[in-house]
Structure formats: structure tokens, C-alpha cells
Amino acid sequence: MKKILIIEDNMDVRENTAEILELADYNVITAENGKEGVKLAIKENPDLIICDIMMPVLDGHGVLHLLSKNEETSGIPFIFLTAKAERSDVRKGMAMGADDYLTKPFDDQELLNAIETRLKKQDLFKNKFQKSIDGVQDFINEARNFGSLKELSTARDVRHYRKKDVVFLEGAYPKGVYFINKGKVKIFHKNDQGKELISGLHKSGDFFGFLSLLKDEKYTHSAAILEDAEIYMIPKEDFFSLIYKNSEVARKFIGILSDSLIENEQQLIRLAYDSVRKRVAEALVKLSDTYKKETDERFSMNVSREDLANLVGTAKETVIRTLSDFKEDKYIEIAGSMITVLEYDKLVSLKN
């Protein structure tokens, strides 16, 4: 029987939600505030947490922050409960690593579907993956079980390097993310006098070169071999699929990446979230530039969320969430499938 923790200060909501889940054969524990919820989560190690955002003592963001710092609770699926007026709070929570959110009031089936989906996906990623080429490939094989990731490449691009070989040079465009199966790698750049400055060292089991991919920029440094190495490259297209097409896969993959020494998990999650906003803004600007007529005051177009997701290269749910953010920021208007751009210049600034 799966154990679910409900953290909610409103007694009626808390008890009604608990009753629904108990009738569905879940083992339910409850907390009336965030502070108590954190203690229960650490003590009980639930399979999933449902947490209100606006609470006294400790709000939902504080709960998520504390639990994400605890190794025993950081991987527990986390669903926010929110009122419609709290859109900015939802955005902050998703950037921090929440798995999903439900807007109050919600119906029984919506609640149960959200929980069942999260638990099924969580079960796929309970295994710890070895820090080797086989381990990385095992992770990709599991990720391929998700419908949106079936097209991940099955080929391995394993390259052998000798000492002093260059992996990539500053100013080049990234072609993928690198994983060291054997050997040692240095990250460096040269100053105006040509003196080499080493900014990072990597060993077997480390990923490197992914920050420039996430930032969509040229390399700001170079990478070279310190000791004969065997390096596995995940192509750029597969890397973006793992980061953007499924939130559960993305969190697991970011957790693996964050074992590298450059960035911690929360920083990478925020960077990936910001990149999605940039790419959706870029797609809207591209549609406007392509199809807006000179006589139109504003660009409007009927575009399916699936088509827009394909243009962006991310999941439809991610596009829908990002469009809602843009609507809240008054960058666009939405009426059914019709999107109207209100603030073209602001979208341009987001994509740059």
C-alpha cells in the first residue's frame, strides 16, 4: 500500500483529500502545517507528498526546499495544491523541482490521476545507475519507456582519446554532452597573454560540457585530456529530449548531472526551466515574424499546442504551462487555440 503525506492547513481540504485517497486504498498521513509536514516526511518516508503552497509557519516552497536538501526525501514525488490566483507561486515551485500541481478546487478523478501518474513514473527511476557507460545507457533505456522519449538514439558514440588530445575548443558550438567512462579531463581557457588557466577537473563518472548546451551558447572554455580517456557523447538532440520532454526523466537526469562539480541540482533545474521559457518565446517570435501581415496591429494565430511543442522540441504539457506563465505576465492572450502576441518586444528579449 502506497503511503501519501498530505500537508494542508485547511482542515476541510485536508480531511476531504485524505478520505478520497483512503477510499482508493492509499495509506494516508496528514500534517496541518509545513513544519509538521517536514518532520513527518523525514520520519515516515512517504511515496508521494501533496502540499499546499500558502500555509502559516512554513509555506510549501519552504517544505520543498528543506526536503530537497535531505538525501532521504529529495526523490519523493511532490505535488503542489494551489489556488488560481497563485500562478507565480506555482512557477517558482516548478522551477524548484516540484513534479506537478493541482488547482483548487479539483475533482476526485483529477486528484487520483495525478497521483497514479506520478507513482508509476517514480517506480521506473528507483534504481540507482552505475557511473559507467553501461549505467548511462541503462538510464536512457528506461527513459525510452516514456512515450515522448521513444526516439532516443540506441547508438553509442564512444571515443578514445590520448593524453593532451582536445575534446572541444572555446568558441565552438556544442554537439552533445560528454561522459567520462575512463580517464581524466581538464577544463581551461587562456588569458590575453596566452597563459592557460584551469577552471575544472573531471574524472571517471563525471559529465561535462552541458552548461553551454543549456545556455544555448558557444563554449566559454576548452576541454583536453589529462590521462588517456574513454568518453561517451550523448548527442545534442537526445540531451534536449532528456531535459525537456518529460519532467520525471529530467529531474532524474539533472540529479545525475549534478554529481558533476560545476553546478548543483537546483541551479540546473532553474537553468533548464529558464531555457524552456526562452525557446517558447523564440517559437512565438518566429511564428509572428513568418505569418504576421503588415496590416495587422498584433499577430494572432490558431496553433495547436502539439504543433507548438514540436516546434519548440518539448512536451505539450510543458508548452501549456509556459504559455500560461506568458499569459499571466500579459505577454500573450489565449482564447482556445488562438494565441495573440501582446508584447512582441518582451518575447524577443526573453529569447536573446
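Source: prediction; values computed, not measured.

We now examine the sheet that holds strand β2 (residues 27-31). Taken together, the five strands give an open sheet; going across it, the order is β2-β1-β3-β4-β5, and neighbouring strands pair in parallel fashion. With partners counted over all chains shown, the strands left at the sheet margins are β2 and β5 (100-104), one partner each. Within the sheet, the average angular offset between the axes of one strand and its neighbour, ignoring direction, is 20 degrees.

Another aspect to go through is the side chain of lysine 186. Structurally, lysine 186 can be placed in strand β8 (residues 176-190). For lysine 186, a relative accessible area of 14% gives the class buried. Apart from residues lying up to four places away in sequence, lysine 186 is in contact with Glu196, Ile198, Gly200, Leu201, Ser222, Ala223, Ala224 and Leu226.

With glycine set apart, most residues show a phi of negative sign, and most peptide bonds adopt trans. Cis geometry marks the peptide bond from lysine 104 to proline 105, where omega comes out at 0 degrees. By the element assignment, proline 105 lies in the loop between β5 and α5 (108-124). Residue valine 57 is not a glycine yet carries a positive backbone phi of 70 degrees. Structurally, valine 57 is set in the loop between β3 (48-52) and α3 (60-68).

Read from one edge of the open sheet, three strands run β12-β14-β13, paired in antiparallel fashion. Of all the strands in the sheet, just β12 (300-302) and β13 (332-335) have a single pairing partner and so form its edges. Across the sheet, the axes of successive neighbouring strands diverge by a mean angle of 20 degrees, strand direction being ignored. On the sheet, helix α12 (residues 316-328) packs against β13 and β14 (338-341) and is oriented at approximately 120 degrees with respect to β13.

Before going further, it helps to examine the packing of helix α11 (residues 305-312) against α12. Where α11 contacts α12, the two axes come as close as 8 Å, and the packing angle between them is 100 degrees. When the axes of α11 and α12 are compared, the pair comes out roughly perpendicular. Packed against α11, whose contacting residues are Arg305, Glu306, Leu308, Ala309 and Val312, the element α12 presents Lys316, Val319, Ile320 and Leu323 at the interface. Its residues assigned to classes, the contact of α11 with α12 comprises six nonpolar, no polar and three charged.

So, about the packing of aromatic side chains. The description of an aromatic ring pair rests on the distance of the ring centres and on the angle between the ring planes. The full count for this structure, using the stated rule, is eleven aromatic pairs. Where phenylalanine 139 meets phenylalanine 253, the ring centres are 5.7 Å apart and the plane angle is 15 degrees; that geometry is what we call stacked. In this pair, phenylalanine 139 is assigned in helix α6 (residues 133-143) and phenylalanine 253 in helix α9 (residues 247-257), connecting sequence segments 114 residues apart. For the residue pair phenylalanine 139 and phenylalanine 253, the accessibility class agrees, reading buried in each case. Here a set of aromatic residues connected by ring pairs shows up, and it is made of Phe139, Phe179, Phe207, Phe239, Phe240 and Phe253. Positioned over the ring face of phenylalanine 188 is lysine 186, at 5.2 Å from the centre of the ring. Cation over ring: arginine 279 sits above phenylalanine 240, and NZ or CZ is 5.3 Å from the ring centre.

What follows deals with the pairing of β8. Within β8, eleven of the 15 residues are buried, leaving the element largely enclosed by the surrounding structure. Bridge analysis of β8 against strand β11 (residues 222-235) gives eleven bridges, and the strand direction is antiparallel. Directly across from phenylalanine 179, in β11, lies its bridge partner tyrosine 232. Across two bridges, β8 lies against strand β10 (residues 207-208) in antiparallel orientation. Its bridge partner lying in β10, phenylalanine 179 is registered against phenylalanine 207. Looking at chain direction, β8 and strand β9 (residues 196-202) are connected through six bridges and run antiparallel. Paired with histidine 189 across the strands is leucine 197, a residue of β9. Connecting β8 to the antiparallel partner β9 that follows it, the hairpin turn spans five residues, and glycine 194 within it adopts a positive phi of roughly 85 degrees.

For the rest of this paragraph, the subject is the pattern of salt bridges. Inspection of the entire model under this criterion finds eight salt bridges. Across the salt bridge formed by aspartate 228 and arginine 162, the nearest N and O atoms sit 3.4 Å from each other. Placement of the pair is aspartate 228 in strand β11 and arginine 162 in the loop between β6 (157-161) and β7 (166-168), with a sequence separation of 66 residues. Residue class for aspartate 228 comes out partly exposed when judged on its relative accessible area of 41%. Glutamate 227 is paired through a salt bridge with lysine 184; the nearest N and O atoms lie 3.2 Å apart.

Parameters at a glance
- Residues numbered from 1 in each chain as written.
- Predicted model: local features only at pLDDT ≥ 70, side-chain atom pairs only at ≥ 80, totals over all residues.
- Heavy atoms only, no water.
- Pairing = 2+ DSSP bridges.
- Helix = DSSP H or I, 4+ residues; strand = E, 2+ residues; numbered from the N terminus.
- Axes fitted to C-alpha atoms, helices over the stretch in contact; angles between N-to-C directions.
- Buried < 20%, exposed > 50% of the residue type's maximum accessible area, 1.4 Å probe, protein only.
- Contact = heavy atoms within 4.5 Å.
- Parallel < 35°, antiparallel > 145°, perpendicular 65-115°, else oblique.
- Nonpolar A, V, L, I, M, F, W, Y, C, P; charged D, E, K, R; others polar.
- Phe/Tyr/Trp six-rings, centres within 6.5 Å; stacked < 30°, edge-to-face > 60°.
- Lys NZ or Arg CZ within 6 Å of the ring centre and 35° of its normal.
- Salt bridge = Lys/Arg side-chain N within 4 Å of Asp/Glu carboxyl O.

Honestly, that's just the spatial picture; any functional story needs more than this.
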